[in-house]
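Working through the structure, step by step
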Amino acid sequence: MGIGKGVGKGFGKTILIGDQFVLWEIPAILAAIPYQTVCRVERNEDAGGWQLVDRRIEVPGYKRSKERGCTESFNRMIEVMGLDLSRYGIRITVEGDLLAGSGVGASAAICVSFARACNAEFSLGMDILDINRVAWEGEFGYHGLPSGLDNTVSTFGGVIEYRILNGVKQFNRIVLQEPVEIVLGNSGVSADTALLKGFLEAQREDDPPLFDSRLTEIQHQVGRLKESLIRNDLQETGRIMDENHAMLIEMGLSHEKLIELCRLAESLGAYGSKVTGGGRGGYMVALTPGRQLQERVASAFEARGIATIRATIGGLPTDPRMHAVVS
């Protein structure tokens, strides 16, 4: 699909830490990965409404599990952008090299790419902050109450620290000394991230002191991981990822298959590994600096039939407004 009028792109992502707790105002560190969803929007003068053609490669069952959320998402974004589809219809085609699966920002990437495609096709005059806002609105269809972190990194790219403070979404760019190789492995389980907040609320109600102490420790881990990335101390980064994953396992936010993949990655030399995204399925991420280590881990995953992504973080172009308040 060539890039032209009516076409937009959105990055996939991986989250290194803090994934599940942003709505509790715990920071998260995440990075765009060099895989994208590409969306084309074409007008149909003969019929109103919208039609979706989804050509993305998927984890088996993912698209069907997200059909309702996808419909709600497109309807919400169309309303927010003020498109009147009673006069004409649109054909929405999505494809690209980002696998459609839980844990890599697939829903955010489709929302960002659709917002950009509509902005181009209908000359809406939206800037990048507007694109990000529309994509966040679209994420409601998939996540109930989205935190905003996935759509933000999908829109802006780069490596960022994202947080909500006193209800205000904000993020800052993290500059790595050099790009870092990672491997993502898919559990084959499609998780429903819309249920995550309720799952965690139940834990908080059951034992508030324990829940709060865990949040305090995770916030401390986020700060340590950020500093280790800036120093390029990747061994320390990996150790903190392992510590964080142990906490997530205790909280029921990992999955047997993800734990198995993490153990395999580390037996092959990965510096650290953990669930990425909302958890309870989807992907894990392994820190594998250097092409040789990355290939060793990725090849072992593939030999076991695991859907695998090789990526680098910190090597993508970023928008200049990488220090922003977004709401």
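Everything that follows concerns the structure shown earlier in this document.
Rules of the game
Residues numbered from 1 in each chain as written. Predicted model: local features only at pLDDT ≥ 70, side-chain atom pairs only at ≥ 80, totals over all residues. Heavy atoms only, no water. Helix = DSSP H or I, 4+ residues; strand = E, 2+ residues; numbered from the N terminus. Rg over C-alpha atoms; globule rule 2.2 N^0.38 Å. Contact = heavy atoms within 4.5 Å. Areas by Shrake-Rupley, 256 points an atom, 1.4 Å probe, with all protein chains shown as cover. Lys, Arg positive; Asp, Glu negative; His and termini not counted. Charge placed at Lys NZ, Arg CZ, Asp CG, Glu CD. Buried < 20%, exposed > 50% of the residue type's maximum accessible area, 1.4 Å probe, protein only. Pairing = 2+ DSSP bridges. Salt bridge = Lys/Arg side-chain N within 4 Å of Asp/Glu carboxyl O.

In terms of helices and strands, the chain carries 10 helices and 11 strands. For 327 residues, the compact-globule formula gives about 20 Å, and the C-alpha radius of gyration of the chain, at 19 Å, lands near that figure. Seen along its three principal axes, the alpha-carbon backbone of the chain occupies a region of about 60 × 45 × 35 Å. In the chain, the share of contacts with a sequence separation of at least 24, taken over all contacts with a separation of at least 6, comes to 76%. Accessible surface, the chain as shown: approximately 13,200 Å² in total, 48% of it carbon and sulfur. Within the chain, one finds 35 positive and 41 negative side-chain charges whose respective centroids are separated by 3 Å.

Let's shift gears to the pairing of strand β8 (residues 272-276). For β8, the buried fraction is high: five of the five residues fall into the buried class. One ladder, built from five bridges, connects β8 with strand β9 (residues 283-287); its direction is antiparallel. Within the sheet, the bridge partner assigned to threonine 276 lies in β9 and is tyrosine 283.

Glancing now at unusual backbone geometry. Negative phi values dominate among residues other than glycine, just as trans dominates among peptide bonds. Unusually for a residue other than glycine, asparagine 166 sits at a positive phi of about 55°. Examined against the element boundaries, asparagine 166 turns out to sit in the loop between β5 (159-165) and β6 (168-173). Given a relative accessible area of 68%, asparagine 166 falls into the exposed group.

Using the criterion set out here, one finds 18 salt bridges in the structure. Where glutamate 181 meets arginine 291, a salt bridge forms, and the shortest distance between an N and an O atom there is 3.8 Å. One end of the pair, glutamate 181, is in strand β7 (residues 180-186); the other, arginine 291, is in helix α10 (residues 291-303), and 110 residues separate them in sequence. Residue arginine 224 pairs with glutamate 243 through a salt bridge whose shortest N-O separation is 2.9 Å. One end of the pair, arginine 224, is in helix α7 (residues 208-231); the other, glutamate 243, is in helix α8 (residues 234-250), and 19 residues separate them in sequence. Owing to a relative accessible area of 34%, glutamate 243 belongs among the partly exposed residues under this scheme. Overlapping salt bridges, with partners in common, bring together Arg224, Glu236, Arg239 and Glu243 in one network.

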